[in-house]
Amino acid sequence: MPQVELIMPKMGESIIEATILSWTKQVGDTVEVDDTVLEIATDKVDSEVPAPVAGTIKEIRFGVDETVAVGEVIALIETEVGAEVSPSPSLAPAPSKTPAPAAPPASQTKKEAVTEEKSGNGRFYSPLVRTIAATEGIGQAELDQIPGTGNGGRVNKQDIQAYLKRRDNRFITGPGKAAPTVGINATTLPPRPPVAPAGSLASGSSELIEMGRMRKLIADHMVQSKRTSPHVTSFIEVDVTDIVTWREGIKQNFQRQYGEKITYTPVFIEAVARAIKDFPMVNVSVDGDHIVKKHDVNIGMAAALPTGNLIVPVIRNADRLNLLGLTKQVNDLAGRARAGKLKPEEIRDGTFTVTNVGTFGNVMGTPIINQPQVAILAVGAIRKKPAVLETEYGDVIAVRQLMFMSLSYDHRVVDGFLGGSFLRRIGDYLEAFDPQRTDV
């Protein structure tokens, strides 16, 4: 009978792997099209992977808590001859092959990618682990001594990263002074320091708390962004008095007429989308020695989750939406983000990100770029402040509603002139807002 490969789907442009949270179907279970087969997680979102065809689960290739690269085959579904296949990026026809023995139970089918390599002692290492080891100068003998927590004691990404952290800490002799790391091999490895269990007191005045899965993934994503992009941040202060006045005057009627609350976020996104059309080289990404210019203006908005983590849903083609359309998108995505109901396609393909640090009462921030984008805008809290105004009768001091905006950008492709001009253009659009505006 024909088989269809279930592929680990691509969950976002910068996401290269996902962790399996649970299998809702096991080997031998029957599935219908779009039945949930498993639940997966990335640093952005938890999601369900549906069955692309009706059939029977023939093989499960990875177990719970294993991290799998995008594009890897994670399961096989046996189908009837002539069965219709639902279009999906997470499937591919299985290659024909000689019939194999019946699949073992799911608990015995955990596998690493077929490209894994064995060491001299018979231990398996994935390509990712070997790449990290080569980058960090870890030899085979040293690699063989690293304790593994994966299936069968295999070393996974987390194991080697934890080992590197312990190794780096062990050879620090003082502020700014590192002892030479000569002689590090299988026979000279220092003993592994004891680690207190999560939630226990590590000392008399501190507690050791293990990071949650999403927090660890976010941490990796942030560190990777700082390593990838040389960050530069520019700041401006913007007078948004007319926007505040306009919103206060129309917010009740707006909600009655359209059934939506009007916030400042859609106004900011509207200005950003207009500025991107003026400076399209901010709407790019980097691919090796090439710049990828994006024609779609897909603006991500950072949203806080009840857990304290952040997620970035994306408003697609924001430049084509009017203010009402942006308001509906902002409210819908923010609400479903807090409820954990975003779909995978709603957090990917962003080309620029806006984060509102003013929500927490902060006046400004230096945000980290959301890879593979090259810029991110932070808007601060709006505060009443005295400001000098130029009038036909001379300068006067008046109370105005002022706000700081900061733009972090990737200095590999965005120079100070482009980044500063783009940020100033956003400010100009906001300051030119018509307080008598009626079109939304």
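Here's what I pulled together on the structure shown here. (Residues numbered from 1 in each chain as written. Predicted model: local features only at pLDDT ≥ 70, side-chain atom pairs only at ≥ 80, totals over all residues. Heavy atoms only, no water.)

Another point: the overall build of the protein chain. Along the backbone of the protein chain there are eight helices and 26 strands. Here the protein chain holds 440 residues, and the buried ones make up 42% of them. Long-range pairs, those at least 24 residues apart, make up 62% of the contacts in the protein chain between residues at least 6 apart in sequence. Per element, the accessible surface of the protein chain, about 23,100 Å² overall, is 53% carbon and sulfur. (Helix = DSSP H or I, 4+ residues; strand = E, 2+ residues; numbered from the N terminus. Buried < 20%, exposed > 50% of the residue type's maximum accessible area, 1.4 Å probe, protein only. Contact = heavy atoms within 4.5 Å. Areas by Shrake-Rupley, 256 points an atom, 1.4 Å probe, with all protein chains shown as cover.)

Turning our attention to the nonpolar core. Core analysis: the biggest nonpolar cluster contains 58 residues, and I299, F352, L377, M405, F422, I426 and L430 have the highest contact counts within it. A total of eight residues in this core trace back to one element, the largest contributor, which is helix 6 (residues 265–278). Residues I15, I20, V31 and V37 belong to the second largest nonpolar core, which totals 22 residues. (Core = buried A, V, L, I, M, F, W, Y, C linked by side-chain atoms within 4.5 Å.)

Right, let's get into the side chain of E66. By the element assignment, E66 lies in the loop between strand 6 (55–60) and strand 7 (67–69). On the accessibility criterion, E66 (12% relative accessible area) is buried. There is a polar contact of 2.7 Å between the side chain of E66 and the backbone nitrogen of G63. (Polar contact = N/O pair within 3.5 Å; in protein donor to acceptor, adjacent residues only side chain to side chain.)

Contact geometry for helix 6 and helix 8 (residues 416–431): axes closest at 9 Å, N-to-C directions at 130 degrees. Regarding the angle of helix 6 to helix 8, the classification is oblique. When the axes of helix 6 and helix 8 are compared, the crossing they make is right-handed. Packed against helix 6, whose contacting residues are V267, F268, A271, V272, R274, A275, I276 and D278, the element helix 8 presents F422, R425, I426, Y429 and L430 at the interface. (Axes fitted to C-alpha atoms, helices over the stretch in contact; angles between N-to-C directions. Parallel < 35°, antiparallel > 145°, perpendicular 65-115°, else oblique. Left-handed = near helix turned anticlockwise from the far one by under 90°.)

Another aspect to go through is the pattern of salt bridges. Summed over all chains, the structure comprises 16 salt bridges. Note that E59 and R61 form a salt bridge whose closest N and O atoms lie 3.3 Å from each other. The partner of R424 in a salt bridge is D428, with the nearest N and O atoms 3.0 Å apart. Note that R424 and D428 are positioned in helix 8 at a spacing of four residues, about one turn of the helix. The exposure class of D428 is partly exposed, given its relative accessible area of 35%. Taken together, the shared-partner salt bridges connect R247, E248 and K251 into one network. (Salt bridge = Lys/Arg side-chain N within 4 Å of Asp/Glu carboxyl O.)

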